[in-house]
Amino acid sequence: MIEDQRTYYPSIKQSWGIVGITILSALVFSPVNLVLNKAMGKEISFLVYYLLAMGVPFGIAHFIRNKRTAVNNYNFSLSSTKAMGLIFLATIGLQTGITSPIVNLIPVPEFVQKVFLEFADKKSIYSFLAIVIAAPIIEELIFRGIILEGLLQRYSPVKSIILSSVLFGIGHLNPWQFISALVIGLFSGWVYYRTRKLSLSILIHLVNNLFAFIGMYSMDTETMMNQSLSELYGGFTNFILITAGAILISITSIFLLRKEFSDLRN
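Thresholds applied
Residues numbered from 1 in each chain as written. Predicted model: local features only at pLDDT ≥ 70, side-chain atom pairs only at ≥ 80, totals over all residues. Heavy atoms only, no water. Axes fitted to C-alpha atoms, helices over the stretch in contact; angles between N-to-C directions. Helix = DSSP H or I, 4+ residues; strand = E, 2+ residues; numbered from the N terminus. Parallel < 35°, antiparallel > 145°, perpendicular 65-115°, else oblique. Left-handed = near helix turned anticlockwise from the far one by under 90°. Contact = heavy atoms within 4.5 Å. Nonpolar A, V, L, I, M, F, W, Y, C, P; charged D, E, K, R; others polar. Buried < 20%, exposed > 50% of the residue type's maximum accessible area, 1.4 Å probe, protein only.

Caption draft 1: Region of the structure containing the packing of helix H9 (residues 175-195) against helix H10 (residues 198-218). Direction vectors running N to C along H9 and H10 enclose 155 degrees, while the axes themselves pass 8 Å from each other. By the angle between their directions, the pair H9 and H10 is classed as roughly antiparallel. In terms of crossing hand, the pair formed by H9 and H10 is right-handed. Within the contact between the two elements, H9 uses Ser180, Ile184, Phe187, Ser188, Val191, Tyr192 and Thr195 and H10 uses Leu198, Leu200, Ser201, Ile204 and Asn208. Residues of the contact of H9 with H10, tallied by class, amount to seven nonpolar, five polar and no charged.

Structural data, given as structure tokens:
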């Protein structure tokens with residue numbers, strides 16, 4: 001049994017190592033962003049920087065996994081239209097009913113607001129490619145395709161999903177995105193465990209980021225950060241109705257997904 005486990009990658013310790021590599025990579029390649037910013041503009045430079053900062057850690061983790069396990073493929077097969085529709089609804093429901101209310105309770109220091117405002121100002125096609133396309137693919141490859149898949153081979157599903165989600169949150173390096181990443185990570189991890197389809201985890205991440213991108217594009221970010229959700233929604237009653245409705249939608253969608261996944265296995 002012990003000998004078999006040595007072929008699985010990664011362990012908990014190795015998973016922490018992968019996250020450490022992603023954080024180190026973000027720091028190492030930050031000068032690239034600064035240099036290209038002057039030569040190509042902040043939108044293109046951010047896309048190039050992101051592809052390097054996250055692509056290199058994925059390449060390293062993929063190489064190690066392939067060397068130790070001889071596994072180099074990922075399951076990108078699609079699921080039913082019904083399942084994908086329910087995933088879309090559940091993701092929006094979780095973002096609106098759980099993530100946003102919790103994040104809104106955490107005060108944002110002025111220096112952090114400046115960073116978020118600068119990031120939110122990136123609204124071109126290049127930012128769309130980085131945030132809505134590249135991030136869901138590369139990050140899900142790392143955190144679900146490699147980390148969660150390896151943990152599931154060694155530990156219980158609950159332990160594996162929670163740990164991979166916590167690591168996913170830590171990798172975002174701030175408490176506001178940690179909450180969002182944790183919630184989405186738990187949902188994405190559960191879906192991956194039930195289906196082993198990385199395409200569905202990517203879809204969850206894509207919908208979550210697209211929802212946030214549309215919010216940045218259509219609303220004033222500074223106003224969003226300085227107002228409560230009650231104010232943004234037009235009153236406390238609206239806040240309760242929207243939040244409760246979103247939670248109900250997410251719970252119902254997840255319940256139907258659970259049945260859908262069970263039917264697919266039978």
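Back to the write-up after that little detour.
Caption draft 2: View of unusual backbone geometry. Backbone torsion omega between Tyr9 and Pro10 reads 5 degrees, so that peptide bond is classified as cis. Among the secondary structure elements, Pro10 is positioned in the loop between helix H1 (2-5) and helix H2 (12-28). Despite not being glycine, Ala70 has its phi angle at roughly 65 degrees, a positive value. Tracing the backbone shows Ala70 in the loop between helix H4 (42-69) and helix H5 (81-104). Classification of Ala70 by relative accessible area gives exposed; the value is 64%. Although it is not a glycine, Arg196 sits at a positive phi angle of roughly 60 degrees. Take Arg196: it is sitting in the loop between H9 and H10. What makes Arg196 partly exposed here is its relative accessible area of 28%.

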